[in-house]
Every structure is written in C-alpha cells, then in structure tokens.
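Descriptive structure summary
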Amino acid sequence: LSPVCLGSLRRAASINAEYMGCTKIANPAPIALYAFGITTCYLSYFNLSTGAPEFIGLISGHALFLGGLIQLIGGVIEFYRNNLFGATAFTGYGGFWLSLGIFLVLSDAGAAPSLDEFDDGHSFFLAFWALFTFVFLINSVVVVVAAAVVAAVSPSNVC
C-alpha cells in the first residue's frame, strides 16, 4: 500500500477508536467496584453491630473518600470512555456514599438527627437505593440476554 493509503487507514482507525471509546485511560471499574464493595462491607458491619458509635468515623471516612470520591472519579472516567452504564452506576453510587458520609459526619457532630432519631428516614433512603440497584440489575441482565440471543442467531454461527 502507498504511504497515502496507510495514512488514511491510520486516520480512519484513530477516528473509529475515538468513536468506540477506546482511549489510553485505564478501566476504572476495578477500583470503583472495590471501593463500593469494601464500603458496603463496612456499612453492613455497622448495621449488624446496631450502629456502634465507635464505627461512625470509620464508616463516614470510607463513605466520603473510598465509596464516594473514588466512585465519582471512576464514573467521570467512564463518561470519558463513552460507557454510559458504568458512568451512571459509578456516579450514582458515588453520590449515594457521599450523601451517606455527609449525613454520618453531621449526625456525629450534632448538626443532624442521629441514626436512632432518623431510623425511618434512613430506611427510606436505603430503600430507594435498593430500587436503584434493582433497576440496574434488570438493565444489566437484559443487555446480557440480548447479547447472548444475538450471538446465538447471528449468521456467522451457522455452519
């Protein structure tokens, strides 16, 4: 091939790579999922130990920085990588952890009601996030099933 053709192919490949979201930025999903998982474990332990006050500092710090900030950064990177599902999930859960962390800090400082006084509101807050999680679960299952059906009936699989 001539140098002009090779240059055109490189430009086309570069444009296609940009369009497909292929960048040199690493995938933020592993660290964002780790941040979500470990912070969820801390919150679960806090809830199981009936909200022991000595854990509020640990949980609020993890909720604000590990669960909140890291996931929010991961969501922004997913937007940049053109992954709308990952971006929505990570920024949504990052916002969840940031809001929960701020609430824990304010309630520990006495500027907001304690979890004992706000038990119904806390349950309501967690119930809406459970609904958010359920919607994402349904969406991810539908996408995987649709991809499996397309792969099963595609003409390339016919012998």
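Right above here is the structure, for reference.
Heads up: these notes are all about the structure in this document. For clarity, every value in this text was computed on a predicted model and none was experimentally measured. (Residues numbered from 1 in each chain as written. Predicted model: local features only at pLDDT ≥ 70, side-chain atom pairs only at ≥ 80, totals over all residues. Heavy atoms only, no water.)

1. Re the packing of aromatic side chains
So the rule is basically this: Each pair of aromatic rings taken from Phe, Tyr and Trp, with Trp reduced to its six-membered ring, is defined by centres within 6.5 Å and is described as stacked if the planes are under 30 degrees apart, edge-to-face if over 60, and tilted in the remaining cases. Every helix listed is a DSSP run of H or I at least four residues long, and every strand listed is a run of E at least two residues long, numbered separately from the N terminus. Here's how the labels work: a residue is buried when its accessible area is under 20% of the maximum for its type, exposed when over 50%, partly exposed in between, all with a 1.4 Å probe on protein chains only.
The full count for this structure, using the stated rule, is 11 aromatic pairs. Aromatic pair Phe36 and Trp97: ring centres 6.3 Å apart, planes at 65°, arrangement edge-to-face. Of this pair, Phe36 sits in helix H2 (residues 29–48) while Trp97 sits in helix H4 (residues 84–109), and the two are 61 residues apart along the sequence. Measuring from centroid to centroid gives 5.3 Å for Tyr93 and Phe132, while their planes differ by 80°, and the two rings are edge-to-face. Placement of Tyr93 in helix H4 and of Phe132 in helix H5 (residues 119–153) is noted, with a sequence separation of 39 residues between them. For Phe132, a relative accessible area of 23% corresponds to the partly exposed category.

2. Brief notes about the nonpolar core
For soluble globular proteins, nonpolar side chains are generally found buried alongside one another. For clarity, the threshold we go by: By convention a nonpolar core is built from buried Ala, Val, Leu, Ile, Met, Phe, Trp, Tyr and Cys residues, the set being connected through side-chain atoms within 4.5 Å. Contact between two residues is taken to exist if any of their heavy atoms lie within 4.5 Å; hydrogens are not considered.
Counting 9 residues, the largest nonpolar core consists of Leu43, Phe46, Ile56, Ile59, Ala63, Phe96, Trp97, Leu100 and Leu104. Secondary-structure elements contributing two or more residues to this core are H2, helix H3 (56–80) and H4. At 4 residues, the largest contribution of residues to this core is made by H4. Discounting residues that sit within four places of it in the chain, Ile56 has contacts with Phe46, Leu104 and Asp108.

Function cannot be read off these values alone, since they describe shape.
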